[in-house]
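Reading the structure
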Amino acid sequence: MARPNSADTITREDLASGLHFCLSRTNLFSKFLIPLALEKLASDLHSAKLDSLRLLAACCEECYGPDDLRPFLAQIWHALRREVFLRSEERRVGKECRS
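**Remarks on the overall build of the protein chain**
Assigned secondary structure in the protein chain consists of 5 helices and 0 strands. Reading the protein chain from its N end, one meets helices and strands in the order α-α-α-α-α. Burial statistics for the protein chain: of 99 residues in total, 28% are counted as buried. In the protein chain, 67% of the contacts between residues at least 6 apart in sequence involve partners at least 24 apart. Surface exposure of the protein chain reaches about 7,300 Å², of which carbon and sulfur atoms provide 62%.

Pasting the structure below:
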């Protein structure tokens, strides 16, 4: 059994990285993986959002082509727009409220 903080401890990041590597090597998972990644992007957990963005990026860089992404483009765009524009607006309003 691995001891916490020892050299042989497997971290959450190690698991996520390994999973991203495996899932981004084939486009056969695209019709299941993209909706799952978008669901995680809608999460309130910052780590889930980052995981989903990293996974989508890895898949697009490694093996997903236009035909794999086309059915999900509108959903991807809406999710990214929500994260980029609405979250930045929420942060701006939050800063103004604290001032």
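**Examining the packing of helix 1 (residues 12-23) against helix 3 (residues 46-62)**
Remark: helix 1 packs on helix 3, axes separated minimally by 9 Å, with the N-to-C direction vectors making an angle of 30°. Taken together, the axes of helix 1 and helix 3 are roughly parallel relative to one another. In this structure, the crossing between helix 1 and helix 3 has a hand that is right-handed. Every residue of helix 3 that contacts helix 1 at Arg 12, Glu 13, Ala 16, His 20 and Leu 23 is listed here: Ser 47, Asp 51, Arg 54, Leu 55 and Cys 59. Across the contact of helix 1 with helix 3, the residue classes break down as 4 nonpolar, 2 polar and 4 charged.

**A word on helix 3**
For helix 3, spanning 17 residues, the distance from its first C-alpha to its last is 24 Å, which sits close to the expected 24 Å at 1.5 Å a residue. Here helix 3 has its buried residues at Ala 48, Lys 49, Asp 51, Ser 52, Leu 55, Leu 56, Ala 58 and Cys 59.

**What to know about the pattern of salt bridges**
The final tally for this structure, using the stated rule, is 6 salt bridges. Its salt-bridge partner being Asp 51, residue Arg 12 comes within 2.3 Å of it at the nearest N-O pair. Of the two residues, Arg 12 sits in helix 1 while Asp 51 sits in helix 3, which places them 39 residues apart along the sequence. Glu 62 is the partner of Arg 25 in a salt bridge, and the nearest nitrogen-oxygen pair spans 3.7 Å. You can see Arg 25 sitting in the loop between helix 1 and helix 2 (30-41) and its partner Glu 62 sitting in helix 3, a full 37 residues away along the chain. Under the relative-accessibility criterion, Glu 62 is labelled partly exposed at 45%. It is possible to trace a salt-bridge network through shared partners that takes in Arg 12, Glu 13, Lys 40 and Asp 51.

Rules and cut-offs
Residues numbered from 1 in each chain as written. Predicted model: local features only at pLDDT ≥ 70, side-chain atom pairs only at ≥ 80, totals over all residues. Heavy atoms only, no water. Helix = DSSP H or I, 4+ residues; strand = E, 2+ residues; numbered from the N terminus. Buried < 20%, exposed > 50% of the residue type's maximum accessible area, 1.4 Å probe, protein only. Contact = heavy atoms within 4.5 Å. Areas by Shrake-Rupley, 256 points an atom, 1.4 Å probe, with all protein chains shown as cover. Axes fitted to C-alpha atoms, helices over the stretch in contact; angles between N-to-C directions. Parallel < 35°, antiparallel > 145°, perpendicular 65-115°, else oblique. Left-handed = near helix turned anticlockwise from the far one by under 90°. Nonpolar A, V, L, I, M, F, W, Y, C, P; charged D, E, K, R; others polar. Expected span 1.5 Å × (residues − 1). Salt bridge = Lys/Arg side-chain N within 4 Å of Asp/Glu carboxyl O.

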